[in-house]
Amino acid sequence: MFPAASLLTTLLLALSIAASPVEVRNSPVTLPIARRLNTSGGTINLVQHDQSRAAALKNLKGDSTLSRRTGSITVTNDAVGYIAAVGVGSPATTYQLIVDTGSSNTWVGASTPYVKTSTSVDTGEPVAVDYGSGSFSGTEYTDTVTLGSGLTITAQSIGVASTSTGFTGVDGIVGIGPLDLTEGTLTNEPDTTIPTVTDNLYSQGIISEIVVGISFEPTTTESDANGELTFGGTDATKYTGTLAYTPLTTTYPASYYWGINESITYGSTTILAETAGIVDTGTTLILLASNAYDKYVSETGATLDDTTGLLRITSTQYSALQNLNFNIGSNTYALTPNGQIWPRTLNTYIGGTTNYIYLVVSDLGTPSGEGLDFINGYTFLERFYSVFDTTNSRVGFATTTYTDATTN
């Protein structure tokens, strides 16, 4: 955990920060991110990946204390996550890391080997994380980490993988989830947390607020630099209208992550009463509790496609598709019919048929009432700007110029 003096400083600084995040129009700390379809491991099974991840997320034990901070970087989406080019060491080696709001450890070495430089310090501490859809184990180091221009962190704690599974074609993860998700990942110090990259950006004075803004844009190509992370504030050029915020949920286990309360309607029909779930960049699809999923199937007339595991509809059914409305606080975020389908130009990458229409709503695998009843994955986030605000314990959303896009 943080030393007492450091924690006190952080709390005092948090109290002095205004209620609304700084808006960064020409962001001094922006990391580009890119959507990339990772086919190096063969056909992508989206449902299997996401359901395995969901099961692991729900099985975590403990309480959450979120900690994050302003700057921006670019990211790539590989159908199981957006990818950022992150430099480690001095001189830096560039690693392609999944940007994950659902975990908090940063680690490298899954594909590109870790390169030691003068800034590498081996702590000798064994580290391991199981993500459900993958895992890694190795040794914890500290090193210089560069997320982009103006976003260089010294002595960042990172895992160096000696073994990993489920990460073909990428090098690891940059975790921007809550601090407490790192607890228990150091084998010999199970009660110790590891400061995340956003924690250190804040503590090293690089950013002024514990806020991360995320912009994703729909894409129909296998690889596309179509996103941006802004650390320490929001980028008003990436959204339309105004940001609206909802408090973090207190319902366990969603409270362990970026958890919120919402209800969901299909057209005017309620398919999921207000309940707790999470917002997660590491989940590809939109996962709904089994009872809500069944109602969605009934309302849309969709059938399960055995090849992909996704729901499939006909052209006639697509023409009749209604908005899927996410009711969060006093605001409604409508996922249009086009936003509910997988990009048709990418059907073959998921083992599908070129002219079929697949839906991006899938089964969480468990009924509602278990404390994590939905996951708004990146197919939701591609249509809305999102803000993860630790300072004020809330998540924000806004529409974008892509909310009503018809590119799929």
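The structure contained in this document is the topic of the report that follows. Because the structure is predicted, anything quoted here is derived from the model rather than measured.

### Concerning the overall build of the protein chain
In terms of helices and strands, the protein chain carries six helices and 24 strands. In the protein chain, which comprises 408 residues, the share counted as buried stands at 58%. Here the protein chain has roughly 14,600 Å² of accessible surface; of this, 51% comes from carbon and sulfur atoms.

### Notes on the sheet that holds strand β16 (residues 303–304)
Taken in spatial order, the three strands line up as β16-β17-β20 in an open sheet, and their pairing is antiparallel. Looking at the sheet topology across the chains shown, the edges are occupied by β16 and β20 (357–358). The pairing of β16 with strand β17 (residues 311–313) spans two bridges and is antiparallel. When the bridges of β17 are listed, Leu 304 appears paired with Leu 311.

### Details of the sheet that holds strand β18 (residues 324–328)
One open sheet accounts for seven strands, arranged β19-β18-β13-β14-β22-β15-β21; its pairing is mixed. A single partner strand is all that each edge strand has here, and the edge strands are β19 (331–335) and β21 (361–363). Strand-to-strand twist of the sheet, defined as the mean angle between neighbouring strand axes without regard to direction, takes the value 35°. Both strand β15 (residues 286–288) and β21 contribute to a ladder of three bridges, which runs parallel. The partner of Leu 287 across the bridge, within β21, is Ser 362. Here helix α4 (residues 290–300) sits on the sheet and contacts β13 (259–266), β14 (269–279), β15, β18 and β21; the angle it forms with β14, its principal contact strand, is near 135°.

### Some remarks on the side chain of Arg 394
One can find Arg 394 in strand β24 (residues 394–399). A distance of 2.8 Å separates the side chain of Arg 394 from the side chain of Asp 389, its partner in a polar contact.

### Some words on the pairing of strand β9 (residues 172–175)
On β9, burial covers both faces: Gly 172 and Val 174 on one face and Ile 173 and Gly 175 on the other are all buried. Relative to β9, strand β4 (residues 93–100) runs parallel, the two being bridged by four bridges. Looking across to β9, one finds that Val 99 is bridged to Val 174.

### Here we look at the packing of aromatic side chains
Under the counting rule described, the total for this entry stands at 14 aromatic pairs. Taken together, the ring pairs connect Phe 326, Tyr 333, Phe 380, Phe 384 and Phe 397 into an aromatic cluster. Over the ring of Tyr 356 we find Arg 312; its NZ or CZ atom is 4.1 Å from the centre of that ring. For Arg 344, the ring lying beneath its charged end belongs to Tyr 318, and the centroid distance is 5.3 Å.

### A word on the side chain of Thr 308
Locating Thr 308 in the fold gives a position in the loop between β16 and β17. Here the side chain of Thr 308 touches Leu 310 through a polar contact of 3.1 Å, landing on its backbone nitrogen.

### So, helix α2 (residues 46–59)
Here α2 contains 14 residues, and its C-alpha end-to-end distance of 20 Å stays within 8% of the 20 Å for a straight helix at 1.5 Å per residue. Where the residues of α2 are buried, they touch β4, β14, β15, β21 and β22 (374–376). For α2, the capping residue at the N-terminal end is Asn 45, with a side-chain oxygen 3.4 Å from the backbone nitrogen of Val 47.

### Some thoughts on the nonpolar core
Counting 87 residues, the largest nonpolar core has Leu 147, Phe 231, Leu 288, Leu 324, Phe 326 and Phe 397 as its most contacted members. Among the elements that line this core, the one with the most residues is β14, at five residues. Membership of the second largest hydrophobic core comes to 13 residues, among which are Ile 98, Trp 107, Phe 136 and Ile 173.

### So, the pattern of salt bridges
Across all of its chains, the model carries five salt bridges by this definition. Notably, a salt bridge pairs Asp 100 with Arg 53, separated by 2.5 Å at the nearest N-O pair. You'll find Asp 100 and Arg 53 in the same group, each marked buried. Among the ionic pairs, Glu 370 bridges to Lys 58, the shortest N-O distance being 2.8 Å. By relative accessible area, which is 15% here, Lys 58 ends up buried. Sharing partners across several salt bridges, the network here consists of Arg 53, Asp 100 and Asp 280.

### Comments concerning the environment of Gly 396
Mapping Gly 396 onto the fold places it in strand β24. Measuring from C-alpha to C-alpha, the distance between Gly 396 and Tyr 385 comes to 8.0 Å, with eleven residues separating the pair along the chain. Excluding residues that lie within four positions of it along the chain, Gly 396 makes contacts with Ala 244, Tyr 245, Tyr 385, Ser 386 and Val 387.

### Quick look at α4
Since the α-helix turns once every 3.6 residues, residues separated by three or four places project in the same direction. When α4 is considered as a whole, its buried residues turn out to be Ser 290, Ala 292, Tyr 293, Tyr 296 and Thr 300. Axial view of α4: buried residues confined to an arc of 160°, hence all on one face.

### With respect to the pairing of strand β10 (residues 211–216)
Put simply, side chains in a regular strand alternate between the two faces of the sheet. The element β10 is extensively covered by neighbouring structure, given that six of its six residues are classed as buried. Going residue by residue along β10, you find Val 211, Gly 213 and Ser 215 tucked away on one face and Val 212, Ile 214 and Phe 216 tucked away on the opposite face as well.

### Points about unusual backbone geometry
Put simply, Ser 90 and Pro 91 share a cis peptide bond, and its omega is 0°. Mapped onto the secondary structure, Pro 91 falls in the loop between β3 (82–88) and β4. A positive phi is found at Ala 155, a non-glycine position, where the angle reads about 55°. Judged by relative accessible area, Ala 155 falls into the exposed class, the value being 52%.

Thresholds, definitions, all that
- Residues numbered from 1 in each chain as written.
- Predicted model: local features only at pLDDT ≥ 70, side-chain atom pairs only at ≥ 80, totals over all residues.
- Heavy atoms only, no water.
- Helix = DSSP H or I, 4+ residues; strand = E, 2+ residues; numbered from the N terminus.
- Buried < 20%, exposed > 50% of the residue type's maximum accessible area, 1.4 Å probe, protein only.
- Areas by Shrake-Rupley, 256 points an atom, 1.4 Å probe, with all protein chains shown as cover.
- Pairing = 2+ DSSP bridges.
- Axes fitted to C-alpha atoms, helices over the stretch in contact; angles between N-to-C directions.
- Contact = heavy atoms within 4.5 Å.
- Polar contact = N/O pair within 3.5 Å; in protein donor to acceptor, adjacent residues only side chain to side chain.
- Phe/Tyr/Trp six-rings, centres within 6.5 Å; stacked < 30°, edge-to-face > 60°.
- Lys NZ or Arg CZ within 6 Å of the ring centre and 35° of its normal.
- Expected span 1.5 Å × (residues − 1).
- Core = buried A, V, L, I, M, F, W, Y, C linked by side-chain atoms within 4.5 Å.
- Salt bridge = Lys/Arg side-chain N within 4 Å of Asp/Glu carboxyl O.
- Arc of directions from axis to C-beta.

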